Amino acid sequence: MKEHGRGFTLVEILVVTTIVSILAGIGIFSVNDAREVGRDAEREAKLRAMQAAVENYRRDNGRYPAGCNGTNWSGEPGTDYACGTATEEYVTGLAPDYIAALPRDPRLNGTDSGFAYLTNTDGTAYKIIVARTVEQNQVVLNFTQAALANLDELAVCGYTNVSTRPCNFVPSGPSGTAGNTPAGCTNTANVASSYAMSGGFAEGDTDREVEYYTEIVTCATPW
């Protein structure tokens with residue numbers, strides 16, 4: 001006589017269901033992580049493209065471009081940094097000659113977020129931020145003098161403890177030694193842990209002055 005197979009018990013069904021749920025959850029987390037990493041990579045790529053564009057603009061025009069809001073932050077539509085009209089470019093004269101289109105964040109985090117640009121009155125220094133949208137914080141590598149030496153690296157500036165900020169490694173002057181933080185670098189209103197940023201200062205009597213002032217711009221405001 002053919003023996004019929006034994007059915008699953010309730011316990012066995014619950015065990016299998018639990019295992020499937022766990023595996024499904026791991027898959028969802030993996031997909032979400034991959035999406036966050038992808039969006040952060042897009043933010044970094046867009047920031048670098050914009051940085052190259054403003055540098056090329058200065059090469060041709062002798063100064064960095066102005067923002068639509070003057071000496072206040074200028075940023076993408078739908079944010080607190082937006083221009084007066086929805087069609088106005090938040091960096092004047094940059095697109096399409098130097099960049100195809102001004103960057104927008106792939107996933108805003110409220111109106112106080114996204115890409116924003118700032119320059120000083122005479123256009124000798126600039127700062128670009130990706131505000132409050134970095135998801136994986138991969139841009140935070142190592143808060144050391146060596147990490148700040150390469151000014152092309154995307155930086156996040158701003159632990160709550162001032163002594164651990166990248167700014168703490170900026171000398172108090174172009175010829176100084178690291179550790180004497182300039183006052184501007186502790187400006188927490190402009191530097192927070194969820195900001196990815198890059199900035200530059202184009203003029204100085206020596207390369208060290210340019211490097212020093214650029215470090216300050218990266219950590220605070222460009223004036």
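Residues numbered from 1 in each chain as written. Predicted model: local features only at pLDDT ≥ 70, side-chain atom pairs only at ≥ 80, totals over all residues. Heavy atoms only, no water.

Of the regular secondary structure elements, the protein holds three helices and four strands. Secondary structure elements of the protein occur, N-terminal to C-terminal, as α-β-β-β-α-β-α. (Helix = DSSP H or I, 4+ residues; strand = E, 2+ residues; numbered from the N terminus.)

Next up on the list: the side chain of Thr133. Looking at the element boundaries, Thr133 is found in the loop between β3 (125–131) and α2 (145–149). With relative accessibility at 4%, the residue Thr133 sits in the buried group. There is a polar contact of 2.6 Å between the side chain of Thr133 and the side chain of Asp105. (Buried < 20%, exposed > 50% of the residue type's maximum accessible area, 1.4 Å probe, protein only. Polar contact = N/O pair within 3.5 Å; in protein donor to acceptor, adjacent residues only side chain to side chain.)

Time to look at the state of the cysteines. Throughout this description, disulfide means a covalent bond between two cysteine sulfur atoms. Overall, the coordinates contain one disulfide when judged by the stated rule. Two residues share a disulfide in this structure: Cys68 and Cys83, whose sulfurs sit 2.0 Å from each other. Residues Cys68 and Cys83 are joined through a disulfide that is left-handed, its torsion about the S-S bond being -95 degrees. In this pair, Cys68 sits in the loop between α1 (10–61) and β1 (74–75) while Cys83 sits in the loop between β1 and β2 (114–119), placing the two residues 15 residues apart along the sequence. (Disulfide = S-S within 2.5 Å.)

Given two aromatic rings, one states the distance between the centres and the angle between the planes to describe the pair. For the structure shown, the criterion picks out two aromatic pairs. Note on Tyr57 and Tyr98: the rings are 5.4 Å apart at their centroids and 65 degrees apart in plane angle, and the pair reads as edge-to-face. Of this pair, Tyr57 sits in helix α1 while Tyr98 is found in the loop between β1 and β2, placing the two residues 41 residues apart along the sequence. Classification of Tyr57 by relative accessible area gives buried; the value is 16%. Geometry around Tyr64 places Arg58 over its ring, the cationic atom sitting 6.0 Å from the centre. (Phe/Tyr/Trp six-rings, centres within 6.5 Å; stacked < 30°, edge-to-face > 60°. Lys NZ or Arg CZ within 6 Å of the ring centre and 35° of its normal.)

By the element assignment, Gly200 lies in strand β4 (residues 195–201). For Gly200, a relative accessible area of 5% translates into the label buried. Each C-alpha atom, one on Gly200 and one on Tyr64, is 9.7 Å from the other, the two residues being 136 residues apart in sequence. Excluding residues within four positions of it along the chain, Gly200 makes contact with Tyr64, Thr124, Ala125, Tyr126, Thr214 and Val217. (Contact = heavy atoms within 4.5 Å.)

Right, let's get into the pairing of β2. Counting buried residues in β2 gives six out of six residues, a clear majority hidden from the surface. Strand direction decides the pairing type here: β1 and β2, joined by two bridges, are antiparallel. Looking across to β2, one finds that Gly75 is bridged to Ala116. Here six bridges tie β2 to β3, and the two strands are oriented antiparallel to one another. Bridging across to β3, Gly114 finds its partner in Ala131. Hairpin connection of β2 to β3: five residues between the antiparallel strands, including Gly123 at a positive phi of 70 degrees. (Pairing = 2+ DSSP bridges.)

What follows is about the environment of Gly93. When you line up the elements, Gly93 lands in the loop between β1 and β2. As for Gly93 and Ala66, which are separated by 27 residues in sequence, their C-alpha atoms are 8.2 Å apart. Here Gly93 is in contact with Tyr57 and Tyr98, once residues within four sequence places are set aside.

Across the protein, the average pLDDT comes to 75, with 61% of residues at 70 or higher. When mean pLDDT is compared element by element in the protein, β1 scores highest at 95, while α2 scores lowest at 52. Across residues 158–164, where pLDDT falls below 50, the model places 14 contacts with residues more than four positions away in sequence or in other chains. (pLDDT = per-residue confidence, 0-100.)

This next bit is on the pattern of salt bridges. Counting across every chain of the model gives nine salt bridges. When the shortest N-O distance is used, the salt bridge between Arg59 and Asp60 registers 3.1 Å. Close ionic contact of Arg132 with Asp112 constitutes a salt bridge, the shortest N to O distance being 2.6 Å. Here Arg132, found in the loop between β3 and α2, pairs with Asp112, found in the loop between β1 and β2; they are 20 residues apart in sequence, far enough to count as distant. Arg132 sits in the partly exposed class, given a relative accessible area of 31%. (Salt bridge = Lys/Arg side-chain N within 4 Å of Asp/Glu carboxyl O.)

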